[in-house]
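# Observations on the three-dimensional arrangement
Spelled out from the first residue to the last, the chains are:
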Amino acid sequence: MKACTQGSIDYFCGIYSTINAVKKACQKIRKFSYKEDCLLYQYLMQKLIDRGLISEVLHYGSSFSIMKLYLSDAKEYMNKEYNIKITYRQPFAHKKQSFDYIAKYVWCWLKRRNNSVIIRLKNKTIGDHWTVVTKCLPILQKLKLFDSYSYKELNTKYCRLKDLSSRTYIMEEGVILIKVHKKTITNI
């Protein structure tokens, strides 16, 4: 008998990766408890339900537009609950770059404080999946992951920007750079 895991029954990797990316980026600002993680999860799930999108995600996973909703909702929640500002962008969504260029860019981005990266990948092992990159090791050709599906790393030598059945496909639009800031209150 095999245990059920995230991804085997539900397709909420977009929510998990949003939470994990926020936690990763906030490491130097604030540590979050399990209860606080659960509250953010419940908030994001409730927003999904309120929008009538739960069935779509249950059956098909999170599209790019739904992922943007998660990030917008997390941004709102973190600002309200913890006075933490989140910014995010997709710099490769409309640019043609090589995979090596993107990997080096991610490597530089992750070396900076309070940053994290979400990527969307697709391969034979896990299908279509959102995950968080914690380290990019260009020399070793590895992306280390903080993943809800227990996927530890990707060998970048087998990653491509085109959907080839024998490779891991990284979607340019699915490379999302996240930065967090602790907001300061100034008296004017």
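Residues numbered from 1 in each chain as written. Predicted model: local features only at pLDDT ≥ 70, side-chain atom pairs only at ≥ 80, totals over all residues. Heavy atoms only, no water.

The N-to-C vectors of helix 2 (residues 34–50) and helix 4 (residues 64–82) enclose an angle of 130°; their axes lie 10 Å apart at closest approach. If you check the angle between helix 2 and helix 4, you find them oblique. Taken as a pair, helix 2 and helix 4 cross one another with a handedness that is right-handed. Note on element contacts: helix 4 touches helix 2 through Ile66, Tyr70, Asp73, Ala74, Glu76, Tyr77, Met78 and Tyr82, opposite Glu36, Leu39, Leu40, Tyr43, Leu44, Lys47 and Leu48. When the residues that make up the contact of helix 2 with helix 4 are grouped by side-chain class, the tally is eleven nonpolar, no polar and four charged. (Axes fitted to C-alpha atoms, helices over the stretch in contact; angles between N-to-C directions. Helix = DSSP H or I, 4+ residues; strand = E, 2+ residues; numbered from the N terminus. Parallel < 35°, antiparallel > 145°, perpendicular 65-115°, else oblique. Left-handed = near helix turned anticlockwise from the far one by under 90°. Contact = heavy atoms within 4.5 Å. Nonpolar A, V, L, I, M, F, W, Y, C, P; charged D, E, K, R; others polar.)

So, about the packing of helix 1 (residues 13–25) against helix 4. Helix-helix packing is described using two parameters, namely the angle between the two axes and the distance between the axes. In contact at an axis separation of 10 Å, helix 1 and helix 4 are set at 40° when each is read in the N-to-C sense. Classified by the angle between their axes, helix 1 and helix 4 sit oblique to one another. For the crossing formed where helix 1 meets helix 4, the hand is right-handed. The residues of helix 4 that touch helix 1, namely those facing Gly14, Ile15, Ser17, Thr18 and Val22, are Met67, Tyr70, Leu71, Ala74 and Met78. In the contact of helix 1 with helix 4, the residues fall into seven nonpolar, three polar and no charged.

The next subject is the pairing of strand 2 (residues 115–123). For strand 2, the tally of buried residues reaches eight of nine residues, placing the bulk of the element in the interior. Pairing of strand 2 with strand 8 (residues 176–182) involves four bridges; the strand directions are antiparallel. Along strand 8, the bridge assignment pairs valine 117 with leucine 177. Two elements, strand 2 and strand 3 (residues 127–137), share seven bridges in a ladder whose sense is antiparallel. Its bridge partner being in strand 3, isoleucine 119 is matched across the sheet by threonine 131. Between strand 2 and strand 3, which follow one another and run antiparallel, lie three residues. Pairing analysis gives two bridges linking strand 2 to strand 7 (residues 168–170), with the strands arranged antiparallel. Residue pairing in the sheet places leucine 121 in a bridge with isoleucine 170 of strand 7. (Buried < 20%, exposed > 50% of the residue type's maximum accessible area, 1.4 Å probe, protein only. Pairing = 2+ DSSP bridges.)

Moving on, we come to the pattern of salt bridges. Throughout the structure, instances matching the rule amount to nine salt bridges. Measuring nitrogen to oxygen at the nearest pair gives 4.0 Å for the salt bridge that ties glutamate 81 to lysine 80. Given the relative accessible area of 41%, glutamate 81 is considered partly exposed. Under the relative-accessibility criterion, lysine 80 is labelled exposed at 67%. Ionic pairing is found between arginine 120 and aspartate 128, a salt bridge with its closest N-O pair at 2.7 Å. Residue arginine 120 is classed as buried on the basis of its relative accessible area, which comes to 10%. On the basis of relative accessibility, which here comes to 38%, the residue aspartate 128 falls in the partly exposed class. Bridged by salt links that share partners, the residues Lys142, Lys144 and Glu153 form one connected network. (Salt bridge = Lys/Arg side-chain N within 4 Å of Asp/Glu carboxyl O.)

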